[in-house]
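# Remarks on the overall topology
Take a look at the letters that make up each chain.
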Amino acid sequence: MAKSTNPVPGRYLVVFGEVELLRDLDNPAGWMLLMDGVPQSYVDLADPTHLDFEYVQLMGIAVDCLPEGPLDVTHVGGGGFTLPRYVAATRPGSRQIVIEPDHALVQLVRDQLALKTVPRLKVRTTGGREGVATLEDASADLVILDAFSGAVMPIELATAEYMGDLARVLRPHGTLLVNVADGKGLRFARRLLSTVKGVFRHVTLLAEPGVLRGRRFGNLIVVASDRDLPLDRLVRSAAGGLTQARCVAGEDLVKFVAGAKPIHDGDPVAAPVPPPAVFG
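The structure displayed is predicted, hence computed values, not measured ones.

### Structural notes on the nonpolar core
Leu145, Leu176, Phe188, Leu205 and Leu220 are the most contacted members of the largest nonpolar core, which totals 44 residues. Beyond its immediate chain neighbours, meaning those up to four positions away, Phe188 contacts Met153, Ile155, Ala158, Val180, Ala181, Asp182, Ile263, Val269, Ala270, Ala271 and Pro272. Cys65, Tyr86, Val223 and Leu229 belong to the second-largest nonpolar core, a separate cluster that totals 28 residues.

Right, here's the structure in full:
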């Protein structure tokens, strides 16, 4: 694949399928990355603080609510590396590791979307479980789990055993962010929350009201830590942001999760698949 000074729109074969790179006609610096027709990432090459997708905006809000200063961050899932760019821009001096199994996708982003310009970023091309297993104990302030195969979260990255390994990598004050997609009934999201609650002392959920009520398929963001979460700030920031999301915590979260069983390795669980109409 030839290196390009300017991104070249088109279709590219990668290890796990085909990706399409599309220019944003309303923003000359904006690029959309789709995997097998499913939007994966939006990258603004001129402004890494521009977060286009609603769920990424919520993750950005959660990052902004953490204590000031640089962070040591582990990302499970790379895509177009939107959040690593955001962290590098908003928290200079941060050290980041991205675990992404698709080496051809990583090379595409390097060649077409200026990945090398992100400072203090290391990429490990391996699976989410294998990559985390090699990380040192208490080596991260923040772990961001945003890994999908197309539009489906790999079940092996949603189990109590894996959450325990992510907790091992986090420092005592560290925070975990998880992007989960679900639809009517939110059964999978409830089980994932039950799983996370079994590992971390403090858990909250951010989501757009329509998604939270199960009216449409969409993304929900889980925020978890063994320390108190900045709930007041999360509530204000989520409600006042572009997405105008709700923050579910405390007794409301207990009621939301009630009856949902944690997910363990080997459980016969299927992650929800979005209906075709979601992506047109």
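### Focus: the packing of aromatic side chains
Each aromatic ring pair is summarised here by two numbers: the centre-to-centre distance and the angle between the ring planes. Enumeration according to the criterion identifies one aromatic pair in this entry. Summarising the aromatic geometry, the rings of Phe53 and Tyr55 are spaced 6.2 Å apart at their centres and angled 35 degrees between planes, so their arrangement reads as tilted. With respect to class, Phe53 is no different from Tyr55; both count as buried. Arg190 extends its terminal NZ or CZ atom over the ring of Phe256, reaching a point 4.2 Å from the ring centre.

### Looking at the pairing of strand E8 (residues 140–145)
Note on strand geometry: in a regular strand, side chains alternate between the two faces of the sheet. With six of six residues buried, E8 lies mostly within the body of the structure. Inspection of the sheet shows strand E5 (residues 72–76) paired to E8 by four bridges, in the parallel sense. Of the residues in E8, the one forming a bridge with Val76 is Leu145. Each parallel crossover has a hand, and for E8 linked through helix H5 (residues 160–169) to strand E9 (residues 170–182) it is right-handed.

What counts, and where the lines are drawn
Numbering of residues starts from 1 in every chain and runs along the sequence as written. Given that the model is predicted, a residue must reach a pLDDT of at least 70 before its local features are reported, and side-chain atom pairs must reach 80 or more before they are shown or counted; all residues, however, enter totals for whole chains, interfaces and linings. The basis for every side-chain value is the complete set of heavy atoms in the structure, and neither hydrogens nor water enter the calculation. By convention a nonpolar core is built from buried Ala, Val, Leu, Ile, Met, Phe, Trp, Tyr and Cys residues, the set being connected through side-chain atoms within 4.5 Å. Three labels apply to residues, based on accessible area from a 1.4 Å probe with only protein chains included: buried if under 20% of the type maximum, exposed if over 50%, partly exposed otherwise in between. In what follows, a contact means two residues having at least one pair of non-hydrogen atoms within 4.5 Å. Pairing of aromatic rings covers Phe, Tyr and the six-membered ring of Trp, with a centre-to-centre limit of 6.5 Å; geometry is then stacked below 30 degrees between planes, edge-to-face above 60, and tilted otherwise. Counting as a charge over the ring demands two things of the Lys NZ or Arg CZ atom: a distance within 6 Å of the ring centre and an angle within 35 degrees of the ring normal. In DSSP terms, a helix is any run of H or I states spanning at least four residues, a strand is any run of E spanning at least two, and both are numbered starting from the N terminus. Between any two strands, pairing holds if DSSP finds at least two bridges. Here, the term right-handed applies to a crossover whose path from the first strand over the helix to the second runs clockwise when the strands point away from the viewer.

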